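For reference, the chains in residue letters:
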Amino acid sequence: MTTNLTDARAVAAASVSPAAAGLIAQESAHAAHNYHPLEVVVASGDGAWVTDVAGHRYLDCLAAYSAVNFGHSNPVLLHAARAQLGRITLTSRAFYNDQLGPFVTALAELAGKDMVLPMNTGAEAVESGIKVARAWGYRVKGVAPDLANIIVAAGNFHGRTTTIISFSDDESARAGFGPFTPGFRTVPYGDAAALEAAIDENTVAVLLEPIQGEAGIVVPPASYLPAVREITTRHNVLFIADEIQSGLGRTGSTFACDLVGVVPDLYLLGKALGGGIVPVSAVVGNTDVLGVLHPGEHGSTFGGNPLAAAVGLAVVNMLATGEYQQRAPELGARLHAGLRALIGHGVVAVRGVGLWAGIDIDSSLAPGRAVCEALLARGLLAKDTHGSTIRLAPPIVVSAEDVDWAVEQLRLVLADLAAL
Ligand SMILES: *Cc1c(COP(=O)(O)O)cnc(C)c1O
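Just so it is clear, the structure is predicted and the values come from calculations on it, not from any experiment.

**A word on the pairing of strand β2 (residues 49–52)**
As paired strands, strand β1 (residues 42–46) and β2 are joined by 4 bridges and run antiparallel to one another. Looking at the pairing, Gly-45 lines up with Val-50 of β2. Between β1 and β2, which pair antiparallel in sequence order, lie 2 residues; one of them, Gly-47, sits at a positive phi of approximately 65°.

Structural data, given as structure tokens:
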């Protein structure tokens, strides 16, 4: 059955077409080399599938790191964007616009919080959360000037700005980019006792990914986030959950924190909040925390722009139905069952929740990148991380048949590699 699907659905390029080769050459000549893309040049997308410049189709199992949770060219989101494109796209926050109010109202309600600070990229949401936590520390908690510290976890990924890489422990993200911003303490991820031990009177916040995405879909013990919530409350420390990748449907709930019944003080959102159309990010929290910001203290030219707000509102409205939160675990159960059956057949371990899987490949077979290249040749887009881990996070609109097909492609690739 799956073999027929292979033939019918995705006949991938055996080698790069001349059109693709020219475009790849242009990028390598004139775009900075801060990425090492797989050799596929995408021209269009629809749902969970994309098409390259030569007309070959691929199942997108990266979904732009979950920014495309609702699928490529989602008709509802495109409609919202097109309608707004025809009206007005940018006013700056020097004036009010008629889209921001409805967006922040709906997002606050979805999150069960009072207020939203709209920004653009995920890194900006993280930076904004750090600034808010520091200001809260000085103005509300009473920390002495410039002494605030924030506790973060080993293996974290929160973005690429200089302050954010200051508390990364990934050398390739840091080397050559110092000096770094002080005021951060790193503790092991998943260890609540270590986190509590690192708290002192100057600690203003704990900043965590509820599930570590870039680290390879690392899911902490079920007791961890509830313990962090209890500890931070007891020590009068803010709990900031970076849900930029884990949130907005991917894990089967609106926020990954929901899975363990935890409500942080601040949610950091991004990626899927822009529906894969425009960058939209946000810090979401209650007035007692976000209310510390006063006019002139923080801002962004594009933050809260009408186009972003119109798309963001459409995203929030889609999530408000609960349909995506329900689809992700149903399809995820299928994905995880299929992947677990590959353990011992080229797969060493599988982690994840919902429609989100980190797969450790037997590193004696091939590096993760080579596995992704072989998957590409079979019509499946995926991305390796940390050598031999592969992530699968297809758009939540993916079909059950496509999920089975993806698992089958991985099985075939690993069988081929084992036969070499
Ligand atoms: C992607 C990501 C970010 C950074 O988002 P950008 O839009 O790339 O700046 C921050 N935190 C997490 C958990 C992410 O996955």
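**What about the packing of aromatic side chains?**
This structure, assessed with the given rule, holds 5 aromatic pairs. Taking 5.0 Å as the distance between ring centres and 85° as the angle between the ring planes, the aromatic pair formed by Phe-70 and Tyr-324 counts as edge-to-face. Of this pair, Phe-70 sits in the loop between α3 (63–66) and α4 (75–85) while Tyr-324 sits in helix α13 (residues 323–340), and the two are 254 residues apart along the sequence. With relative accessibility at 7%, the residue Tyr-324 sits in the buried group. Here Tyr-189 and Tyr-224 contribute two aromatic rings whose centre-to-centre distance is 5.5 Å and whose plane-to-plane angle is 70°, an arrangement assigned as edge-to-face. Placement of Tyr-189 in the loop between β6 (184–187) and α9 (192–198) and of Tyr-224 in helix α10 (residues 224–234) is noted, with a sequence separation of 35 residues between them. Residue class for Tyr-189 comes out buried when judged on its relative accessible area of 16%. With relative accessibility at 1%, the residue Tyr-224 sits in the buried group. If you follow Arg-174 out to its NZ or CZ, it ends over the ring of Phe-180, 4.1 Å from the centre.

**Some thoughts on unusual backbone geometry**
Residue Pro-179 is reached from Gly-178 by a cis peptide bond, and omega for that bond is 0°. Mapped onto the fold, Pro-179 is located in the loop between α8 (171–174) and β6. Backbone geometry at Ala-64 places phi at a positive 50°, although glycine is not the residue there. With respect to the helices and strands, Ala-64 occurs in helix α3. A positive phi is found at Leu-248, a non-glycine position, where the angle reads about 65°. A residue is classified by how much of its surface remains accessible, and Leu-248, at 1% relative accessible area, is buried.

**Regarding the packing of helix α14 (residues 368–377) against helix α15 (residues 400–419)**
At a closest axis distance of 10 Å, the pairing of α14 and α15 adopts a crossing angle of 120°. Considering the angle they form, α14 stands oblique to α15. Regarding α14 and α15, the two cross each other, and that crossing is right-handed. Residue-level contacts link Val-371, Ala-374 and Leu-375 of α14 to Gln-409, Leu-410, Val-413 and Leu-417 of α15. Broken down by class, the residue content of the contact of α14 with α15 amounts to 6 nonpolar, 1 polar and no charged.

**With respect to helix α6 (residues 122–141)**
With 20 residues, α6 ought to run about 28 Å at 1.5 Å a step, and its terminal C-alpha atoms sit 26 Å apart, in line with that. Among the residues making up α6, those that are buried are Gly-122, Ala-123, Ala-125, Val-126, Ser-128, Gly-129, Ile-130, Val-132, Ala-133, Ala-135, Trp-136 and Gly-137. Gly-142 lies just past α6 and shows a positive phi near 90°.

**Description of the side chain of Thr-203**
If you trace the backbone, Thr-203 turns up in strand β7 (residues 203–208). Residue Thr-203 is classed as buried on the basis of its relative accessible area, which comes to 0%. One polar contact links Thr-203 to Asn-149, side chain to side chain, over a distance of 2.8 Å. Setting aside chain neighbours within four positions, we find Thr-203 in contact with Lys-141, Asn-149, Ile-151, Arg-185, Ala-198, Asn-236 and Val-237.

**Thoughts on the site of the ligand**
Close to the ligand lie Thr-121, Gly-122, Ala-123, Phe-157, His-158, Gly-159, Glu-209, Asp-242, Ile-244, Gln-245 and Lys-271, which account for all nearby residues. Here the ligand loses 80% of its free accessible area of 380 Å² to cover by the protein chains. For the shell around the ligand, the residue count by class is 3 nonpolar, 5 polar and 3 charged.

**Points about the nonpolar core**
Where a protein is soluble and globular, its nonpolar side chains tend to be buried together. In terms of nonpolar packing, the biggest core is built from 67 residues, with Phe-103, Leu-107, Leu-273, Leu-339, Val-371, Leu-392 and Leu-410 touching the most fellow members. Two domains share this core, each providing at least three of its residues, namely domain 1 (5–67 + 325–419) and domain 2 (75–321). Apart from the residues lying within four places of it in its own chain, the contact partners of Phe-103 are Leu-273, Val-280, Ala-309, Gly-312, Leu-313 and Val-316. Within the second largest apolar cluster, 29 residues are counted, among which are Ala-133, Val-143, Val-152 and Phe-167.

**Observations regarding the confidence of the model for the chain**
Caution applies to low-pLDDT parts of the model: their predicted coordinates are not meant to be read in detail. Averaged over the chain, the pLDDT score is 96; the fraction of residues at 70 or greater is 97%. In this model, residues 1–14 is a region of pLDDT below 50 whose contacts with residues beyond four sequence positions or in other chains number 29 contacts.

Cut-offs and rules
Residues numbered from 1 in each chain as written. Predicted model: local features only at pLDDT ≥ 70, side-chain atom pairs only at ≥ 80, totals over all residues. Heavy atoms only, no water. Pairing = 2+ DSSP bridges. Helix = DSSP H or I, 4+ residues; strand = E, 2+ residues; numbered from the N terminus. Phe/Tyr/Trp six-rings, centres within 6.5 Å; stacked < 30°, edge-to-face > 60°. Buried < 20%, exposed > 50% of the residue type's maximum accessible area, 1.4 Å probe, protein only. Lys NZ or Arg CZ within 6 Å of the ring centre and 35° of its normal. Axes fitted to C-alpha atoms, helices over the stretch in contact; angles between N-to-C directions. Parallel < 35°, antiparallel > 145°, perpendicular 65-115°, else oblique. Left-handed = near helix turned anticlockwise from the far one by under 90°. Contact = heavy atoms within 4.5 Å. Nonpolar A, V, L, I, M, F, W, Y, C, P; charged D, E, K, R; others polar. Expected span 1.5 Å × (residues − 1). Polar contact = N/O pair within 3.5 Å; in protein donor to acceptor, adjacent residues only side chain to side chain. Near = heavy atom within 4 Å. Areas by Shrake-Rupley, 256 points an atom, 1.4 Å probe, with all protein chains shown as cover. Core = buried A, V, L, I, M, F, W, Y, C linked by side-chain atoms within 4.5 Å. Domains from an automatic or database assignment. pLDDT = per-residue confidence, 0-100.

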